[in-house]
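Residue strings, one per chain:
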Amino acid sequence: MKFPLRTALHLWLATLLPLAAAEPKKEVANLLKQQPLKSGAATQGLALGKKFFYGANATTLCRFDKNWKLIEQKPITIKGVNHLGAIYYRDGFIWGGFLNHVQVNGKSDPTQNRSIIAKIRAKDFKVMQTWDITKDVTWIDPVCFDGKHVWVGDLSDLGLHRYLLKDGKLTRDGIFRYPKAMHFSQGIRIVGSKLYTIHTFGTMDGLFEFDIPAKLSDAISQPTRVWPIQETKMHLEGFDFVPGQPNKLWEAQGKQVDLYELKGLPTKAP
């Protein structure tokens, strides 16, 4: 079938529009401070409370004051798992994802993988409750609790699994899908109807903002905005927004944490 030149041009432009719409708006991230950690570390992620800051390592949790001076650190032991990912703090509790990662002859053995969500009391780092989600997630990393749902990043299928928490029980509530070029999430935060996730190993790197759909499905959600976050000491790990200052965040760089100001976000909490 032949089309008039103008119609053919319109059809061609229509094929380009979805590609253009998929490009997130590029915002500015200003690096304000690089804070070395004299003791303790944040190799997997961090979480910020109003009184204390917390750092996650593969097997331990660290409590810092608000100037990142180490107060205490404690190994966290949960039967059947050996690695803690990025964490989240809310209402006196730390939420974390624990992975069992086993290597045989220098290669990962996925048959022994296990994924457990843990709720840990912040004041003494006591594990209060755990949920085994291995049937859904075989390579857990970041965990975030928004007050209603627990969000879990998964390396094995490059998605964010969401669970409804009610009466101490988790019920799977779908998967949030993002472009595969982002690879897997290193950290998750929910702010109102927006989702923020940080990525470092794909061809799309940085801190991305998404609109959360009314219902999760297998459809790929496209980010609305992105902030470039630097790899000053190592690859990007977990992050958290500064309490009361939603346009600032700290990002984990192992023996260092970096403070950023994000253009385009409100300077004060509502």
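Residues numbered from 1 in each chain as written. Predicted model: local features only at pLDDT ≥ 70, side-chain atom pairs only at ≥ 80, totals over all residues. Heavy atoms only, no water.

### Describing the overall build of the protein
Part 1 of the argument: Counting its secondary structure elements, the protein contains 1 helix and 23 strands.
Part 2 of the argument: A globule of 270 residues ought to have a C-alpha radius of gyration of about 18 Å, and the protein, at 20 Å, matches this closely.
Part 3 of the argument: Considered along the principal axes of its C-alpha atoms, the protein spans approximately 75 × 45 × 45 Å.
Part 4 of the argument: Evaluated residue by residue, the protein yields a buried proportion of 47% over its 270 residues. (Helix = DSSP H or I, 4+ residues; strand = E, 2+ residues; numbered from the N terminus. Rg over C-alpha atoms; globule rule 2.2 N^0.38 Å. Buried < 20%, exposed > 50% of the residue type's maximum accessible area, 1.4 Å probe, protein only.)

### Focus on the sheet that holds strand E2 (residues 29–36)
Part 1 of the argument: Pairing is antiparallel across the open sheet formed by 4 strands, whose spatial order is E2-E23-E22-E21. Of all the strands in the sheet, the pair left with one neighbour each is E2 and strand E21 (239–242). Sheet twist, expressed as the mean angle between neighbouring strand axes with direction ignored, is 25°.
Part 2 of the argument: With 7 bridges connecting them, E2 and strand E23 (residues 256–262) associate as antiparallel partners. Each bridged residue has a counterpart across the sheet, and for alanine 29 the counterpart in E23 is leucine 262. (Pairing = 2+ DSSP bridges. Axes fitted to C-alpha atoms, helices over the stretch in contact; angles between N-to-C directions.)

### Brief notes about the packing of aromatic side chains
Part 1 of the argument: Following the criterion strictly, the structure yields 12 aromatic pairs and no others.
Part 2 of the argument: Where tyrosine 54 meets tyrosine 89, the ring centres are 5.5 Å apart and the plane angle is 15°; that geometry is what we call stacked. Note that tyrosine 54 is positioned in strand E4 (residues 53–56) and tyrosine 89 in strand E7 (residues 83–90), a separation of 35 residues in sequence.
Part 3 of the argument: We classify tyrosine 89 as partly exposed; its relative accessible area is 21%.
Part 4 of the argument: Aromatic ring contacts, followed pair by pair, group Phe53, Phe64, Trp68 and Trp250 into a single cluster.
Part 5 of the argument: The cationic tip of arginine 90 hangs over the ring face of phenylalanine 145; the distance from NZ or CZ to the ring centre is 5.9 Å.
Part 6 of the argument: We note arginine 189 situated over the ring of phenylalanine 239; from NZ or CZ to the ring centre the distance is 5.7 Å. (Phe/Tyr/Trp six-rings, centres within 6.5 Å; stacked < 30°, edge-to-face > 60°. Lys NZ or Arg CZ within 6 Å of the ring centre and 35° of its normal.)

### A closer look at unusual backbone geometry
Part 1 of the argument: Backbone geometry at aspartate 91 places phi at a positive 50°, although glycine is not the residue there.
Part 2 of the argument: Looking at the secondary structure, you find aspartate 91 in the loop between E7 and strand E8 (93–100).
Part 3 of the argument: Take aspartate 91: its relative accessible area is 65%, and that puts it in the exposed class.
Part 4 of the argument: Of note in the backbone geometry, leucine 158 takes a positive phi value of approximately 55° without being a glycine.

### Here's the deal with the layout of surface pockets
Part 1 of the argument: In this model, the largest pocket occupies a volume close to 680 Å³.
Part 2 of the argument: Around the largest pocket sit 24 residues that line it, and Val191, Phe241, Val242, Pro243 and Gly244 are the ones nearest its centre.
Part 3 of the argument: Looking at side-chain class alone, the lining of the largest pocket contains 14 nonpolar, 4 polar and 6 charged residues. (1 Å grid on protein atoms, 1.4 Å probe; cavity = no way out; pocket = protein on both sides within 12 Å on 5 of 7 lines; lining within 4 Å. Points joined across faces, edges and corners; volume = space filled by probe spheres on them. Nonpolar A, V, L, I, M, F, W, Y, C, P; charged D, E, K, R; others polar.)

### So, the pairing of strand E15 (residues 159–166)
Part 1 of the argument: In the sheet, strand E14 (residues 149–154) pairs with E15 via 6 bridges, with the strands oriented antiparallel. Following the sheet pairing, valine 150 is matched in E15 by tyrosine 163.
Part 2 of the argument: From the end of E14 to the start of E15, which pair antiparallel, there are 4 residues, and leucine 158 there has a positive phi angle of about 55°.
Part 3 of the argument: Where E15 and strand E16 (residues 169–177) come together, 7 bridges link them in antiparallel fashion. Across the sheet, tyrosine 163 pairs through a bridge with arginine 172, a residue of E16.

### Some points on the side chain of threonine 197
Part 1 of the argument: The topology assignment puts threonine 197 in strand E18 (residues 194–199).
Part 2 of the argument: A distance of 2.8 Å separates polar atoms of two side chains, one belonging to threonine 197 and the other to serine 185.
Part 3 of the argument: Within the structure, the side chain of threonine 197 is placed 2.7 Å from the side chain of histidine 199, a separation counted as a polar contact.
Part 4 of the argument: Once you skip the residues sitting within four places of it in the chain, threonine 197 turns out to touch Met182, Ser185, Gly187, Gly206, Leu207, Phe208, Phe210 and Phe239. (Polar contact = N/O pair within 3.5 Å; in protein donor to acceptor, adjacent residues only side chain to side chain. Contact = heavy atoms within 4.5 Å.)

### Looking at the pattern of salt bridges
Part 1 of the argument: In the structure shown here, the tally under the stated rule is 15 salt bridges.
Part 2 of the argument: Between arginine 225 and glutamate 27 there is a salt bridge; the shortest N-O distance is 3.1 Å. Placement of arginine 225 in strand E20 (residues 225–227) and of glutamate 27 in the loop between strand E1 (25–26) and E2 is noted, with a sequence separation of 198 residues between them. As far as burial versus exposure is concerned, arginine 225 and glutamate 27 are alike and both buried.
Part 3 of the argument: In this structure, arginine 177 and aspartate 218 form a salt bridge, with 3.9 Å as the shortest nitrogen-oxygen distance. Of the two residues, arginine 177 is situated in strand E16 and aspartate 218 in the loop between strand E19 (206–211) and E20; the sequence distance between them amounts to 41 residues.
Part 4 of the argument: By relative accessible area, which is 60% here, aspartate 218 ends up exposed. (Salt bridge = Lys/Arg side-chain N within 4 Å of Asp/Glu carboxyl O.)

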